Amino acid sequence: MDKRSGFHFDVKWVFILLILAFLLVFLVFPLLYLLFRAFFADGSFSLDAVKRIYSYSLNWDCLRNTLITASLSMVFGVLIAFPLAWLVTRTNLYGRGFFRTLFLLTYMVPPYVGAMAWMRLLNPKVGTVNVVLKNLFGLSEAPFNIYTIGGMVWVLTTFYYPFAFILLCRALERMDPSLEEAARISGASPVKTLFTVTLPMMLPSIGSSAIMVFVAAASCYGIPSIIGAPGKLYTITTRISEYVATGTSQGLSDATVLSVFLMVLSLVLLLLSKLLMGKKNRITISGKSMRPNIVDLRKWRIPLTILTSIFAIVIIVIPFLSVIATSFTQNMGKSVFAEGNLTVRFWQHVFTRSTILKSALNSLITATLAATLGMIICIIMAYLLKRTNMRGRKIPDFLISFGAGTPSVVIALALIMTMSGRFGLNLYNSMAILVIAYMIKYMMMGMQSTISGFSQIGPVLEEAAAVSGAGWLRRMKDVVIPMLLPSIVAGWFIIFIPSFYELTMSNLLYSEKTMTLGVELFRYQMNSSQQTAAALACCILLLVLILNLVMRKLTKGKVSI
């Protein structure tokens, strides 16, 4: 501090500028260049590429399929997520803590594994469910066909509703309970209170969670590629991947034009989400006690527990058992229990094949780096947002949110075009480009966890440390981080999981030396051995469950998925 000039150097500005520089170089510039290339491919403004792309009826089919599947997945996802979130956070449902963890299992498993499971169950010819129903009711045709728009919507919904479920659970737990309590005192029943008070107060959070599901479903690659290909159903992400795979300049240009549609759509939805979340913060969050009364379900407690159990069995247990059974099946045309059909050789492949082990190591390294570096940024940004009024802090906050809302395929394509040496920085075919892509896509989820942690602790100890002469870095190290440790561990875990099994970006950014587990699993599923892919998927699930137990241990049970 220079008392004569009034100048004060604040180290927090250094961190803001470093974070902003990272986002400008690896997010803003690549996306702007992507936009530039779509309309200035030959150095001058032209709509020829746009006209050429949208002159193909197949591309219009891709747009229509993407909008239909994403919209329906959003609607059904929220319709599933809100009742479940209310039951496990605000009622005395039996086993609500167990159900809360169980409903998040599909978040912990790659979405394309869900496509594998449901393809095994609902294949129109040999799907287990279809075969059972045909034999049971004497049907001549299979009642279900997974290779349709409806089948794709089903799988997308079952694997993306957790995005809404997580957000809605947190919102319900932090919502100001005073209006609900007033309604109950006035004689309103729990159901009437739910529909007249809770639901209206939750609308901004519901809208925001719906947008998250829509963007996730629209930018998904694994599910449409596995389920859509046999049924000749293409989406924008699968079409973009086809264009990039051609390896030609025109193919890359065409992929760029298609990417612009997803990028603009995500930007509009992000701005809408920010508006909705702003309303939520003004309406539902207060400085009062955040411990709403638990609703007594009374005579509905057992029926609702049974219904919740049936939902969990259909959506989670049966598909996962299908994947496990596939991993032990020699001949997929027969039952796993048929004589001589039970085998462990596909599990042996997982632990003995060098390509799988190398891919697993690459995923472990890239996911660990992305989660660790991402959480450093998240901790700093959460502190700046919750504990300071520094100018400019909302700019990197918006960019982090924009990165999370940008479809994965757009991020990957933008990085390919700008980080391949064209502008003096060549990260293509390296682990660094994978780590950067994962950070851009998943940092926001870690930051939400950290911000939630800041909301639950007061600034008293930090202020006491400041009065004692501790500088900002010292306060962060000795006071803030220890108090935030459960939220930090949870945030790290939330970034690590999707980074570990990520497919969409990895499929465009990997090289033979940086092959990741998600790409390896996908290649086995599509080209080689579905049984090996199933065994590998089971290993991913086991690893994630083990990490979840470790997280619970580290945080003494305070935090888990």
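Everything here concerns the structure above.
Predicted model only: the values in this text are computed from it and were never measured.

(A) Geometry of the overall build of the protein chain. A count of helical and extended segments in the protein chain gives 24 helices and 0 strands. Radius of gyration (C-alpha) of the protein chain: 25 Å, near the 24 Å computed for a compact globule of 561 residues. Projected onto its principal axes, the C-alpha coordinates of the protein chain cover approximately 85 × 70 × 45 Å. Considering the protein chain as a whole, with its 561 residues, one finds that 53% of them fall into the buried category.

(B) Inspection of the packing of helix H15 (residues 345-352) against helix H16 (residues 354-387) at higher detail. Relative to each other, H15 and H16 sit at 60°, their axes nearing to 6 Å. Between H15 and H16, the angle is such that the two are oblique. Residues His349, Val350, Phe351 and Thr352 of H15 pack against Ser354, Ile356 and Leu357 of H16. Here the contact of H15 with H16 is composed, by residue class, of 4 nonpolar, 3 polar and no charged.

(C) Broad picture of the nonpolar core. Phe103, Tyr160, Phe165, Ile223 and Leu521 are the most contacted members of the largest nonpolar core, which totals 182 residues. Non-local contacts of Phe165, meaning those with residues more than four positions away in its chain, are made with Ala81, Leu84, Ala85, Val88, Arg100, Phe103 and Leu104.

(D) Representation of the environment of Leu31. By the element assignment, Leu31 lies in helix H1 (residues 11-39). Separated by 10 residues in sequence, Leu31 and Ala41 place their C-alpha atoms 15 Å apart. Those residues within four positions of Leu31 in sequence are excluded, and the remaining contacts are Met263, Phe402, Thr406, Val410 and Ala414.

(E) Just the state of the cysteines, in detail. This model, assessed by the stated rule, comprises 0 disulfides. The thiol of Cys538 is unpaired, and the distance to the nearest cysteine sulfur, on Cys539, comes to 7.0 Å.

(F) Spatial organisation of a nonpolar patch on the surface. A surface patch of nonpolar side chains, about 1,000 Å² in accessible area, is lined by Tyr94, Trp154, Ile302, Ile306, Leu307, Ile310, Ile313, Val314, Val317, Ile318, Leu321 and Ile324. No other element matches helix H14 (residues 301-327), which puts 10 residues into the nonpolar patch. As for its position among the elements, Tyr94 is in the loop between helix H3 (57-90) and helix H4 (96-102).

(G) Focus on the packing of aromatic side chains. Going through the model one piece at a time under the given rule, you end up with 21 aromatic pairs. Ring centres 5.0 Å apart and planes at 5° place the aromatic pair Phe36 and Phe40 in the stacked group. Among the aromatic residues, those joined into a cluster by ring pairs are Phe29, Tyr33, Phe36, Phe39, Phe40, Phe45 and Phe423. The ring of Tyr94 carries the charged tip of Arg301 above its face, separated from the ring centre by 3.6 Å.

Cut-offs used in this document
Residues numbered from 1 in each chain as written. Predicted model: local features only at pLDDT ≥ 70, side-chain atom pairs only at ≥ 80, totals over all residues. Heavy atoms only, no water. Helix = DSSP H or I, 4+ residues; strand = E, 2+ residues; numbered from the N terminus. Rg over C-alpha atoms; globule rule 2.2 N^0.38 Å. Buried < 20%, exposed > 50% of the residue type's maximum accessible area, 1.4 Å probe, protein only. Axes fitted to C-alpha atoms, helices over the stretch in contact; angles between N-to-C directions. Parallel < 35°, antiparallel > 145°, perpendicular 65-115°, else oblique. Contact = heavy atoms within 4.5 Å. Nonpolar A, V, L, I, M, F, W, Y, C, P; charged D, E, K, R; others polar. Core = buried A, V, L, I, M, F, W, Y, C linked by side-chain atoms within 4.5 Å. Disulfide = S-S within 2.5 Å. Patch = residues over 30% accessible without salt bridge, like charges linked within 9 Å, V, L, I, M, F, W, Y side chains within 5 Å. Areas by Shrake-Rupley, 256 points an atom, 1.4 Å probe, with all protein chains shown as cover. Salt bridge = Lys/Arg side-chain N within 4 Å of Asp/Glu carboxyl O. Phe/Tyr/Trp six-rings, centres within 6.5 Å; stacked < 30°, edge-to-face > 60°. Lys NZ or Arg CZ within 6 Å of the ring centre and 35° of its normal.

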